[in-house]
Amino acid sequence: MLYPALPFLRTALAGLALALASQTVLAQSLAVENAQVRAVPPVSTTTAAFMVLTNPGDGDLAVVEAHSPAAGTTELHNHVDVDGVMQMRRVDEIGVSAGASTELAPGGLHLMLIDLVAPLHEGDEVEITLVLDSGESLELTAPVRRIEVMGGGMHGQDGGHGGGHHGH
Ligand SMILES: [Cu+2]
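To keep things clear, this report deals only with the structure shown in the data block. (Residues numbered from 1 in each chain as written. Predicted model: local features only at pLDDT ≥ 70, side-chain atom pairs only at ≥ 80, totals over all residues. Heavy atoms only, no water.)

Quick look at unusual backbone geometry now. In most cases, non-glycine residues show a negative phi, while peptide bonds are predominantly trans. The phi torsion at Asn34 lies on the positive side, around 60°, for a residue other than glycine. Position of Asn34 relative to the elements: it lies in strand S2 (residues 31-38). The phi torsion at Asp83 lies on the positive side, around 50°, for a residue other than glycine. One can find Asp83 in the loop between strand S5 (71-82) and strand S6 (85-90). (Helix = DSSP H or I, 4+ residues; strand = E, 2+ residues; numbered from the N terminus.)

See the structure below:
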C-alpha cells in the first residue's frame, strides 16, 4: 500500500516549501538568511554581499572561501577602526560559533565581490558559493538591493571599499 507514506511525503514537501519561501539555505551545518548584494553604480567594479550565518550544530565552523560567477575574485572582509576611520581588511575566515549566528553587515564583516564581470542592477540575482573549513560547500542566491552604508568612516557608496583595495 502506498497510502501510509503520503502524510510523511506531504510533511516533507511542506517543509521544503517553507524553506524556499523564507529564502533560507540550509546545508548540513550552516544556515544562510537575508543574503543580499549591494547595488552599486555601473562604474563601480566592486561591491559587497551581506547575510546572516547561523550554525545550528555543536561544533564551531568557519567560512574560509567564497566564490561567485559575478566577480573575478571574491574575498572575505572585515572593517576595523583605525584611529576613528573604518578601514577594510581581508580576513582568512569568518567564524560561526556553535549554536550562534554571525552577521555580515555594512560596516562589519562582508563578502567582497571584486572585478565584477558585468554591472549589477537592482533586482538581479547573484550566485555565491561559500566554502567551509569542513570542506563543505554551500550555494546560495543573493538579490541585488540598495543598501545604505553604515558608519561615518566611509565616503560615498563605495569609497571605503575602493580605498581599502588599493591599500593592499
Ligand atoms: Cu570589502
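Grouped together as the largest cluster of nonpolar side chains are 31 residues, with contacts concentrated most on Val37, Met51, Leu53, Leu111, Ile128, Leu130 and Leu140. Leu53 has contacts with Leu30, Ala31, Val32, Val63, Ile94, Val96, Ala100, Ser101, Thr102, Leu104 and Leu130, leaving out every residue within four places of it along the chain. (Core = buried A, V, L, I, M, F, W, Y, C linked by side-chain atoms within 4.5 Å. Buried < 20%, exposed > 50% of the residue type's maximum accessible area, 1.4 Å probe, protein only. Contact = heavy atoms within 4.5 Å.)

This paragraph deals with the coordination of the copper ion. Taken together, His77 (ND1), Met88 (SD), His110 (NE2) and Met112 (SD) make up the full set of protein donors to the copper ion, lying 2.1 to 2.2 Å away. For the copper ion, the 4 donor atoms are set out with angles of 91 to 125° between them, so the coordination reads as tetrahedral. Classification of Met88 by relative accessible area gives buried; the value is 2%. (Donors = N, O, S within 2.8 Å, 3.2 Å for Na, K, Ca; no water. Tetrahedral: all angles 85-135°; square planar, octahedral: opposite > 155°, others 65-115°.)

The full count for this structure, using the stated rule, is 2 salt bridges. Among the salt bridges present, the one from Arg90 reaches Glu75, with a minimum N-O distance of 3.5 Å. Here Glu75 lies in strand S5 and Arg90 lies in strand S6, a separation of 15 residues in the sequence. On the basis of relative accessible area, Glu75 is assigned to the buried category, the value being 12%. A salt bridge links Arg146 to Glu122; its shortest N-O distance comes to 3.1 Å. Placement of Arg146 in the loop between strand S11 (137-145) and helix H2 (159-166) and of Glu122 in the loop between strand S9 (110-116) and strand S10 (125-132) is noted, with a sequence separation of 24 residues between them. (Salt bridge = Lys/Arg side-chain N within 4 Å of Asp/Glu carboxyl O.)

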